[in-house]
Amino acid sequence: MLRPRRCKLCLRRSYPAHLPSWFPACRNAAVNMTPTNHDSKDTKEVASPSPKILADEKKTDTGLSSSDSGSVSQESLVDADGYGSTNDHIFSDPAVADHWRTTYENVNYENRHRFDPSFTWSAEEERKLVKKIDRRIMLWAWIMFCGLDLHRRNINRAITDRMLEEIGMDTNDFNYGQTLFLASFLVAELPSGLISKRVGADRWIPFLICSWSIVAGSQAFLKTKAGFYVIKVLLGFLMGGFIPDIVLWLTYFFKSNELPTRLAWFWTALSTVNIVGSLLAAGILKMRGIGGWSGWQWLFLLEGIVTLLIGTFSWVLMPPGPCQTRNWFRGKDGWFSDREESIIVNRLLRDDPSKGDMNNRQGVGLVLLWKTIKDWEMWPLYLIGLTTYIPPSPLNTYMSFILRQMGFGVFEANLMAIPAQFMFAVNLLIITWVSKRFKERSIVSSISNIWMFPFFVALVAYPNASPWARYGIMTGLLSYPYCHAILVGWNARNSNAVRTRAVSAALYNMFVQSGNILASNIYRDEDRPFYVRGNRILLGIVCYNIVQFYFVKAFYIWRNKLRDAKWNELTPEQQEDYTLNSEDEGLKRLDFRFAH
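Residues numbered from 1 in each chain as written. Predicted model: local features only at pLDDT ≥ 70, side-chain atom pairs only at ≥ 80, totals over all residues. Heavy atoms only, no water.

**Concerning the packing of aromatic side chains**
Item 1. In total, this model carries 41 aromatic pairs according to the counting rule given.
Item 2. On the basis of an interplanar angle of 10° and a centroid distance of 4.4 Å, the ring pair of Phe145 and Phe266 is categorised as stacked. With a gap of 121 residues between them, Phe145 in helix α3 (residues 123-158) and Phe266 in helix α9 (residues 259-266) connect regions that are remote in the sequence. There is no split in this pair, since Phe145 and Phe266 are both buried.
Item 3. On the numbers, 5.0 Å between centres and 50° between planes, the contact of Trp293 with Trp298 is tilted. (Phe/Tyr/Trp six-rings, centres within 6.5 Å; stacked < 30°, edge-to-face > 60°. Helix = DSSP H or I, 4+ residues; strand = E, 2+ residues; numbered from the N terminus. Buried < 20%, exposed > 50% of the residue type's maximum accessible area, 1.4 Å probe, protein only.)

Following this line, the structure appears as structure tokens:
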């Protein structure tokens, strides 16, 4: 194993070759083997090493301090998954620790009382604690997302029950309504994110869930096309901010390398809701005639009641942060002990010190908002979000409707959507695991569109395929590996600051919703029943998306090389001075490198 050289500017000690980007420059100068890419396992010798940034690079150092009451035995080791503390971390340098302690005090960071550079813990403690956080935080986040997607998708099942004819609409009218929904969804993303950052996600998200549940349930009383349009606009405004708000909330509890895996499980809510929703719809739609109502009216009403219960419980099951879990419902002692709170806070800050540079109820002002929008190096990720999810969206919306036109009944058309949703969830988890395993984002994410390519070719080449052959093609296409968890984690990782992360999450989702608006108008009424023209358009977009992923990877490699060159021009003393005193922040810092 290569041993690092010692820097006379540092304390007389050795440091590992892989260090975070915020480590003082003199420590970076102390290593003689440095990775050219923060995700790479390869190393090479350089004249003046570039800064290390990868917070999701696993640590394998073994030294542990036992200098305080929170210490663990020196024999404790970091395990293969990177759990456990070491004495070689970003805050090991007193100057760096003092710099960030001052920052946390100045911004009134809510967890600053748990910040302790000398605090240590065992791998077993951290592993058990992460499982506890999964149960307390991640599980409920998943349930809340199910409450969102239940109402985003139930319209697809309602239209199989003659809903459009009964309120005087056709396919094009339905598309216009979906466009209004997505447009208002898009418009709401950024304002909702700013409100959530100011008042706290634990207050704002429960309010949104309760509100959209009431509005969605009122669809049971629809009589006209105009009423449909009004409700779709209201739902878009209320649902728009949920996803970026919940993702930011999750960053308060999970490290950057843990987030993509959690988000992968989070997005299994999509397939879960489609499967469970299809089963529910198959039964509820048979209630047609009860009370003089159609089946689709009962569907909206009953599912609105279910999600209203979720929203009500969210008021008491969403703590503001890891050190703020005590209340009348969660208990006077809260969910975490004092030691567990210290472990959560210190492991998060050692992974990414910038997670404490804003209070969780501190708003983002117009100046900071404009600075984030001007971070042009984030825009390639936004452009990926714009087009990546367009190809499967129309078919996902219309699959049950197409099956009805192919001669299948309402019950069968809803149940036949289940296999694709099951495989969708499996492939989502697999592709996210592959991305984490190989520390590769862009190339792995491109597999999503590569998967869809042959299925779209089949739909275009064989427009007169038999019903069962067409069903097989559509099922295979919609089983594609969904890369959204990778891209959201990638966006959060490259943001490199709470201020940027809060806004960039909203901007990214705004681009995604813009793509969904485009997608909602590709299948047109005159293109029925199999939308051959629409599938040709989608095939072209698939080809564009595959190329785009590789272009964005090349872009970030190029930007990192430029920063390497500028950084290596500095002396070790200049690098340390920059690290501690520069006013550059977020992804503008010279000691930051982009993930790709």
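**Overview of the packing of helix α17 (residues 418-438) against helix α19 (residues 467-478)**
Each pair of packed helices gets described by two things: the angle between the helix axes and the distance between those axes.
Item 1. One can describe the packing of α17 onto α19 by two numbers: an axis separation of 8 Å at closest approach and a directional angle of 25°. Compared by their axis directions, α17 and α19 come out roughly parallel. In the packing of α17 onto α19, the handedness of the crossing is right-handed. Residues Pro419, Ala420 and Phe424 of α17 form the contact with α19, whose own contacting residues are Tyr471, Thr475 and Leu478.
Item 2. Tallied by class, residues from the contact of α17 with α19 come to 5 nonpolar, 1 polar and no charged. (Axes fitted to C-alpha atoms, helices over the stretch in contact; angles between N-to-C directions. Parallel < 35°, antiparallel > 145°, perpendicular 65-115°, else oblique. Left-handed = near helix turned anticlockwise from the far one by under 90°. Contact = heavy atoms within 4.5 Å. Nonpolar A, V, L, I, M, F, W, Y, C, P; charged D, E, K, R; others polar.)

**A few points about the environment of Leu428**
Item 1. Along the polypeptide, Leu428 turns up in helix α17.
Item 2. By relative accessible area, Leu428 is classed as buried at 0%.
Item 3. What Leu428 contacts, discounting residues up to four positions off in sequence, is Ala264, Trp267, Thr268, Pro481 and Tyr482.

**Brief notes about the side chain of Asn516**
Item 1. Within the element layout of this structure, Asn516 appears in helix α21 (residues 498-519).
Item 2. Given the relative accessible area of 15%, Asn516 is considered buried.
Item 3. The residues touching Asn516, leaving out its near neighbours within four places in the chain, are Leu182 and Ser393.

**A look at the confidence of the model for the protein**
In regions of low pLDDT, the predicted coordinates are not meant to be interpreted in detail.
Item 1. Overall, the predicted model of the protein reaches an average pLDDT of 82, with 86% of residues at or above 70.
Item 2. Per-residue pLDDT, averaged within each element of the protein, yields its smallest value for helix α1 (residues 25-29) (39) and its largest for helix α6 (residues 201-217) (95). (pLDDT = per-residue confidence, 0-100.)

**A short note on the environment of Asp352**
Item 1. Following the sequence through the fold, Asp352 ends up in the loop between α12 (338-351) and α13 (366-373).
Item 2. Sequence separation between Asp352 and Ile90 is 262 residues; the distance between their C-alpha atoms is 9.2 Å.
Item 3. Side chain to side chain, Asp352 and Ser354 meet in a polar contact 2.5 Å long. (Polar contact = N/O pair within 3.5 Å; in protein donor to acceptor, adjacent residues only side chain to side chain.)

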